[in-house]
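A structural walkthrough
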Amino acid sequence: MMAELNTDVRYIKGIGEKKALALNKLGVFSLYDLVSFFPRKYEDRTAFKPISLALDGETVCIRALVAETPRLSRVRRGLELVKLRAADEGGVMDLTFFNQPYVKDQLHRGESYVFYGRMEVSGMRRRMVNPVYEREGAEKGVTGRIVPIYRLRAGLSQRDLSQGIRRGLALCLDSLPELLPEPVRRSNQLAAVGYAYENIHFPRDFEALALARRRLIFEELFVLACALGRARGQRTRAGGIPIAGAELREFWASLPFSPTGAQRRAVEQAVSDLRSGSVMNRLVQGDVGSGKTLVAAALIWYVWKSGLASAFMAPTEILAEQHFQTLSAMLSPFGLRIGRLTGALGAKEKRQVKAALKAGELDLIIGTHALFSEDVEYKNLALVVTDEQHRFGVSQRSALIGKGARPHVLVMSATPIPRTLALILYGDLDVSVIDELPPGRQKVDTFTVDESYRARLNNFILKLTGQGRQVFVVCPMVEENEELPMKLKSAQEHAAALARAFPSLRVACVHGKMKPRDKDAVMTAFAAGETDILVATTVIEVGVDVPNAALMIVENAERFGLSQLHQLRGRVGRGAHKSYCVLVSDADSEEVRARLNIMSKTSDGFQIAEEDLRLRGPGDFFGSRQHGLPETHLADLGADMDIMQRAQQEAAALLGADPELSAPEHAALKERVELLFRRGADSLN
Ligand code: ADP
Ligand code: MG
């Protein structure tokens, strides 16, 4: 029997209402979603050994006969043990199951089973604790094969998923759409879709798994590249407001410093977009502190000279406020009328600002997402600038374009993305890179230390705060379902500990679970110098400017990616004060040391991003979702650069031949490409 791919998962045999709800939480709604829910990892349960040959600590499958009736004992309240002995021809092992009383009735004396687990050998004794087992010859398949391991939610077990997916695949294996055009599949030697889905879940062997992964990774990147490439093509073909503009010399001359060559170049590239008659969609990518705001200011000025208005969108209220100050200082002397629109404004003020926008009485409006809510109308909006692009999704970018007559869009980002990835990630944008810092910028001295330096570090905090400086302390975000028993510093606990350690200092804490308004209040107080130490999760990663902060401490630094550490480090060294970054890590692996040491060696964001990519693979770039693209499964699968490049090239070639994917043989691909952005629209931010 064949089923429709969009069949609701709850109708699949063995799933039902309750498990369907749990699956929904994992983003699985339809049969197609279910079979596209790829394993997080695999367990190799293919190795079989006789009991006597299994080594201590080895994880193996053992075929053995249950030699005695299992005994259930209640050791104390909350601790029940089932014990038994199993044997094969040459050996005997003890089996112990903790708190699984039902095992007693499932294992029968005199019958053969396959046990999969970790063998413990001490002297002549061999034993396994809590092995997975099944009757020999059983078809369920949890031993003797490569077993998929899925992400789970409460109410779901590995078995639920693997059985559900097995049934799901049986229902739709032949009706899975082939998204890859035949010639692409052939020239890149990619497995067919059915084979790939089957073997990504239930690989016959490791070779089959590798083929399946390669094909699916390729497909995912190919679809993404097609989607972005198509968006870019549509934009280039559509007309934009041509802006004749003015000589920028007048603007440059008004500055207290001269622009760097890179700033000038970025502005010139954008200006040529604005004059072109096509809609600009440009990304300005520059390291923290490279002076992106100035580039935006120059363009806002340029647009104003033609009698048109700009909107500047920041990711948080505090950043909107900072940009309001900075841009007002630069631009109001020319006579630009500048307003702000944030959630913090009162209802009356908001009404006034909106009325002014509608009447065309403002030349620049600065704000948060509020700028693009439905009831905001613009009269002569020609340019939209968004700061810190990674907080906004592709689909939000296109929502902006709905305001006004196709305004030009300038996106600014400090997330340095290596070129190969940028091709795909920013496939719908033109890119200007600011690869030069303003002169006289100080290097932030960076050190990696372990717990034994704690006392010295505390003294350092005292010394700097004694000089009037402020300190950031960043703790890793501990995710809710984190299973690791590692000692991770939670921001709140660490803040409490610091407050005890430094009774004379004012310590504040900010984390992602706080309401945006409360978060902004804590940040604003810190920026105003009202607190000495700000303990935070990575919520402070994006652009806040506190020139008085001279020390950034990152706890459990091994938990962060290098690019993220670089962003964090960029929060200090923004003023005249000598600044420092201390990475605290007790992880004693060579690899972690090597990674963290890169931070001490270079302050070049691009170089760091390249290293990060080399060390961690591209999965993390896609996985972190900082780019605001639709979610991919690649974080789970990993991908190599070679596939990425091939997928990008093939997509470009295909779009060259069929820009709208309107050929009948591209119908499935087109549908998927469109779905990607529709889905992205609900799931971003
Ligand atoms: P970011 O790229 O991180 O957004 P900003 O635009 O906030 O950087 O600029 C960082 C600082 O550098 C600001 O204080 C700004 O005034 C200063 N700055 C920008 N361009 C120059 C320049 N060409 N020369 C000197 N200082 C500059
Ligand atoms: Mg900035």
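Residues numbered from 1 in each chain as written. Chains lettered and ligands numbered in written order. Predicted model: local features only at pLDDT ≥ 70, side-chain atom pairs only at ≥ 80, totals over all residues. Heavy atoms only, no water.

**A word on helix α9 (residues 261-276)**
Because each turn of an α-helix spans 3.6 residues, side chains separated by three or four positions end up pointing in the same direction. For α9, built from 16 residues, the straight-helix expectation of 22 Å at 1.5 Å per residue is met to within 8% by its first-to-last C-alpha distance of 23 Å. All of the buried residues in α9 are A262, Q263, A266, V267, A270, V271, D273 and L274. In this fold, the buried residues of α9 make contact with α8 (249-253), β10 (281-286), α10 (292-305), β15 (408-413) and β16 (430-434). (Helix = DSSP H or I, 4+ residues; strand = E, 2+ residues; numbered from the N terminus. Expected span 1.5 Å × (residues − 1). Buried < 20%, exposed > 50% of the residue type's maximum accessible area, 1.4 Å probe, protein only. Contact = heavy atoms within 4.5 Å.)

**Here's the deal with the side chain of T531**
Positionally, T531 belongs in the loop between α17 (516-527) and β20 (533-536). Residue T531 is classed as buried on the basis of its relative accessible area, which comes to 12%. Other than its neighbours up to four places away in sequence, T531 contacts Q470, R506, A508, A525 and F526.

**Some thoughts on the site of ligand 1**
Taken together, 15 residues lie around ligand 1, and Q263, G289, K292, T293 and R441 are the ones closest in. Within the backbone of G289, an N or O atom sits 2.6 Å from an oxygen atom of ligand 1. Within the contact set of ligand 1, an oxygen atom lies 3.0 Å away from a backbone nitrogen or oxygen of G291. Here ligand 1 loses 75% of its free accessible area of 570 Å² to cover by the protein chains. Each residue belonging to the shell around ligand 1 can be placed in one class, and the counts come to four nonpolar, seven polar and four charged. (Near = heavy atom within 4 Å. Polar contact = N/O pair within 3.5 Å; in protein donor to acceptor, adjacent residues only side chain to side chain. Areas by Shrake-Rupley, 256 points an atom, 1.4 Å probe, with all protein chains shown as cover. Nonpolar A, V, L, I, M, F, W, Y, C, P; charged D, E, K, R; others polar.)

**Remarks on the environment of F48**
The residue F48 is located in the loop between β1 (41-44) and β2 (59-66) in this model. Along the primary structure F48 and V114 are separated by 66 residues, whereas in three dimensions their C-alpha atoms are 9.2 Å apart. Residues contacting F48, with those up to four places away along its chain left out, are C61, R63, V114 and G144.

**So, the packing of α10 against helix α11 (residues 317-331)**
Contact geometry of α10 with α11 gives a least axis separation of 11 Å together with a crossing angle of 50 degrees. It follows that α10 is oblique to α11 by the angle criterion. Crossing geometry of α10 relative to α11 is assigned as right-handed. Along the contact surface, α10 presents T293, L294, A297, I300 and W301, while α11 presents H323, L327, M330 and L331. Residues belonging to the contact of α10 with α11 are distributed by class as follows: seven nonpolar, two polar and no charged. (Axes fitted to C-alpha atoms, helices over the stretch in contact; angles between N-to-C directions. Parallel < 35°, antiparallel > 145°, perpendicular 65-115°, else oblique. Left-handed = near helix turned anticlockwise from the far one by under 90°.)

**A word on the pattern of salt bridges**
In total, this model carries 32 salt bridges according to the counting rule given. Here R506 makes a salt bridge to D532, at a shortest N to O gap of 3.1 Å. With R506 in the loop between α16 (491-501) and β19 (507-510) and D532 in the loop between α17 and β20, the pair connects residues that are 26 residues apart, well separated along the chain. By relative accessible area, which is 42% here, R506 ends up partly exposed. By relative accessible area, D532 is classed as buried at 10%. Overlapping salt bridges bring together E178, E182, R185, R186, R215 and E219 as one network. (Salt bridge = Lys/Arg side-chain N within 4 Å of Asp/Glu carboxyl O.)

**A few points about the confidence of the model for the protein**
The share of residues in the protein with pLDDT of 70 or more is 87%, and the mean pLDDT across the chain is 86. The model gives residues 479-485 a pLDDT under 50, and that stretch makes three contacts with residues more than four places away or in other chains. Here residues 680-685 is modelled with pLDDT under 50, and outside its nearest four sequence neighbours on either side it reaches 15 contacts, counting other chains as well. (pLDDT = per-residue confidence, 0-100.)

**Description of the packing of aromatic side chains**
Per the stated rule, a full pass over the model turns up 13 aromatic pairs. Aromatic pair F218 and F222: ring centres 6.0 Å apart, planes at 20 degrees, arrangement stacked. Separated by four residues within a single helix, F218 and F222 lie in helix α7 (residues 206-237), roughly one turn from each other. Taking the relative accessible area as the measure of exposure, F222 reaches 0% and is therefore buried. What links up through ring pairs into an aromatic cluster is the set F251, W252, W301, W304 and F334. Taking NZ or CZ as reference, R63 lies 4.2 Å from the ring centre of F48, over its face. Seen from the ring of F202, R166 lies directly overhead, with NZ or CZ sitting 4.1 Å from the centre. (Phe/Tyr/Trp six-rings, centres within 6.5 Å; stacked < 30°, edge-to-face > 60°. Lys NZ or Arg CZ within 6 Å of the ring centre and 35° of its normal.)

**Quick notes on helix α18 (residues 562-569)**
Burial analysis of α18 places seven of its eight residues in the buried class, which makes it a mostly covered element. Those residues of α18 that sit buried are L562, S563, L565, H566, Q567, L568 and R569.

**Quick look at the packing of α9 against α10**
Where α9 meets α10, the closest approach of the two axes is 9 Å, and the angle between their N-to-C directions is 35 degrees. Helix-helix and strand crossings are classified by hand; for α9 and α10 the assignment is right-handed. When α9 is examined against α10, the residues Q263, A266, V267, A270, V271, L274 and R275 are found in contact with a partner set consisting of L294, V295, A298, L299, Y302 and V303. Grouping the amino acids of the contact of α9 with α10 by side-chain chemistry returns eleven nonpolar, one polar and one charged.

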